[in-house]
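Descriptive analysis of the structure
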Amino acid sequence: MKNLIYLELAPYLEQWFRHRHGAGPRGTAVSMTRGCVEWRRLRLLIDVPPADYVPSRAPDGWTPVEIPYYSGKDPRTYWYISDKGRRAVEETLLDLFDTELYDFYLRGYIKGLRISYMVIAWMEQKGIEYTEINENAVKKRLDRIRNVVACARRRRSKKQGKSLRAQGLSGGSDISDNSDISETYDCNLIEDINV
């Protein structure tokens, strides 16, 4: 019998995770590719269960993940992960998802093209079923990432402008290289980018 952990993932994230590791249909355990980021993160977080720990039944709808064999950490002994450790693995997956999505956006976006076409094409590439809910969730994640990046650029630009003005040089205008972001965002109000 394989030892499993269960992750609480949104439908689009679960489908991406399954596609990333070549896993079967929903309900079957995901066996992570050796050496990937989430595999290494899980290696750090699994431990021997506490003496008073009583395993509970897996919640419905959560994604089963097989605990791989690590050198020095046999999954028959090391199969426990705390709630915070489980959340750290889920956050790792969200970060990887965001990185892949934003990388695709940077490499493929042409100004004037509707982003929804790109998002749908990326979802198809990554094995995410097209539904309106999935599309909206992925677009919302992309928008939030773009906002965070734009605010970081704006802060960097203002900081550089202040130092140039202090030296008596010109410069320091707001971002001009990010013209595809039409809305103005208050950088101090951007919240956590999780959906």
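Just so it is clear, the model here is predicted, and its values are computed rather than measured.

Rules and cut-offs
- Residues numbered from 1 in each chain as written.
- Predicted model: local features only at pLDDT ≥ 70, side-chain atom pairs only at ≥ 80, totals over all residues.
- Heavy atoms only, no water.
- Helix = DSSP H or I, 4+ residues; strand = E, 2+ residues; numbered from the N terminus.
- Buried < 20%, exposed > 50% of the residue type's maximum accessible area, 1.4 Å probe, protein only.
- Contact = heavy atoms within 4.5 Å.
- Areas by Shrake-Rupley, 256 points an atom, 1.4 Å probe, with all protein chains shown as cover.
- Salt bridge = Lys/Arg side-chain N within 4 Å of Asp/Glu carboxyl O.
- Patch = residues over 30% accessible without salt bridge, like charges linked within 9 Å, V, L, I, M, F, W, Y side chains within 5 Å.
- Polar contact = N/O pair within 3.5 Å; in protein donor to acceptor, adjacent residues only side chain to side chain.
- Arc of directions from axis to C-beta.
- Axes fitted to C-alpha atoms, helices over the stretch in contact; angles between N-to-C directions.
- Parallel < 35°, antiparallel > 145°, perpendicular 65-115°, else oblique.
- Left-handed = near helix turned anticlockwise from the far one by under 90°.
- Nonpolar A, V, L, I, M, F, W, Y, C, P; charged D, E, K, R; others polar.
- Phe/Tyr/Trp six-rings, centres within 6.5 Å; stacked < 30°, edge-to-face > 60°.
- Lys NZ or Arg CZ within 6 Å of the ring centre and 35° of its normal.

Observations regarding the overall build of the protein chain
When helices and strands are tallied, the protein chain shows five helices and two strands. Taken from the N to the C terminus, the helices and strands of the protein chain come in the order β-α-α-β-α-α-α. Buried residues in the protein chain amount to 36% of all 195 residues. Residue pairs at least 24 apart in sequence account for 71% of intrachain contacts in the protein chain once pairs closer than 6 positions are excluded. Here the protein chain has roughly 12200 Å² of accessible surface; of this, 50% comes from carbon and sulfur atoms.

Concerning the pattern of salt bridges
Evaluated as defined, the whole model comprises 13 salt bridges. For Glu90, the salt bridge identified is with Arg87, shortest N-O distance 2.9 Å. Residue Glu90 and its partner Arg87 are both found in helix α3 (residues 83–108); the two are separated by three residues, about one turn of the helix. Owing to a relative accessible area of 1%, Glu90 belongs among the buried residues under this scheme. Residue Arg87 is classed as partly exposed on the basis of its relative accessible area, which comes to 36%. In this structure, Asp103 engages Arg107 in a salt bridge whose closest nitrogen and oxygen atoms are separated by 3.0 Å. Taken together, the positions of Asp103 and Arg107, both in helix α3 and four residues apart, correspond to about one turn of that helix.

Describing a nonpolar patch on the surface
There is a patch of nonpolar side chains on the surface, built from Ile110, Leu113 and Tyr117 and spanning about 310 Å² of accessible area. Turning to its location among the elements, Ile110 is positioned in the loop between α3 and α4 (115–125). For Ile110, a relative accessible area of 56% gives the class exposed.

Focus: the side chain of Asp98
Examined against the element boundaries, Asp98 turns out to sit in helix α3. Polar side-chain contacts of Asp98 include one of 2.7 Å to the side chain of Arg141.

Describing helix α1 (residues 11–21)
Because each turn of an α-helix spans 3.6 residues, side chains separated by three or four positions in sequence point in the same direction. The buried fraction of α1 is high, at eight of eleven residues. Every buried residue of α1 is listed here: Tyr12, Leu13, Glu14, Gln15, Trp16, Phe17, Arg18 and His21. Immediately downstream of α1, the backbone of Gly22 shows phi near 65°, a positive value.

Some thoughts on α4
Taken residue by residue, α4 has Ile115, Ser116, Met118, Val119, Trp122 and Met123 as its buried positions. Across the axial projection of α4, the buried residues extend over an arc of 160°, all falling on one side. Once α4 finishes, Gly127 follows within two positions and takes phi at roughly 75°, a positive value.

Re the packing of α3 against α4
Where α3 contacts α4, the axes come no closer than 11 Å and their chain directions differ by 130°. In terms of orientation, α3 and α4 fall into the oblique class. Of the two possible hands of crossing, α3 and α4 adopt the one that is right-handed. Where α3 abuts α4, its residues Phe97, Glu100, Leu101, Phe104, Tyr105 and Gly108 lie against Ile115, Met118, Trp122 and Gln125. For the contact of α3 with α4, the per-class residue count stands at seven nonpolar, two polar and one charged.

Here's the deal with the packing of aromatic side chains
As enumerated under the stated definition, the model contains seven aromatic pairs in all. Centroid distance Trp16 to Phe97: 5.5 Å. Interplanar angle 90°. Geometry classified as edge-to-face. Remark: Phe97 occurs in helix α3 and Trp16 occurs in helix α1; sequence separation between them is 81 residues. Phe97 matches Trp16 in its accessibility class, with the two residues each being buried. With centroids separated by 5.6 Å and ring planes inclined at 35°, the aromatic side chains of Tyr102 and Tyr105 adopt a geometry described as tilted. In this pair, Tyr102 and Tyr105 are both assigned in helix α3, three residues apart and thus about one turn of the helix distant. The lysine or arginine in question, Arg114, covers the ring of Tyr117, its NZ or CZ lying 4.9 Å from the ring centre.

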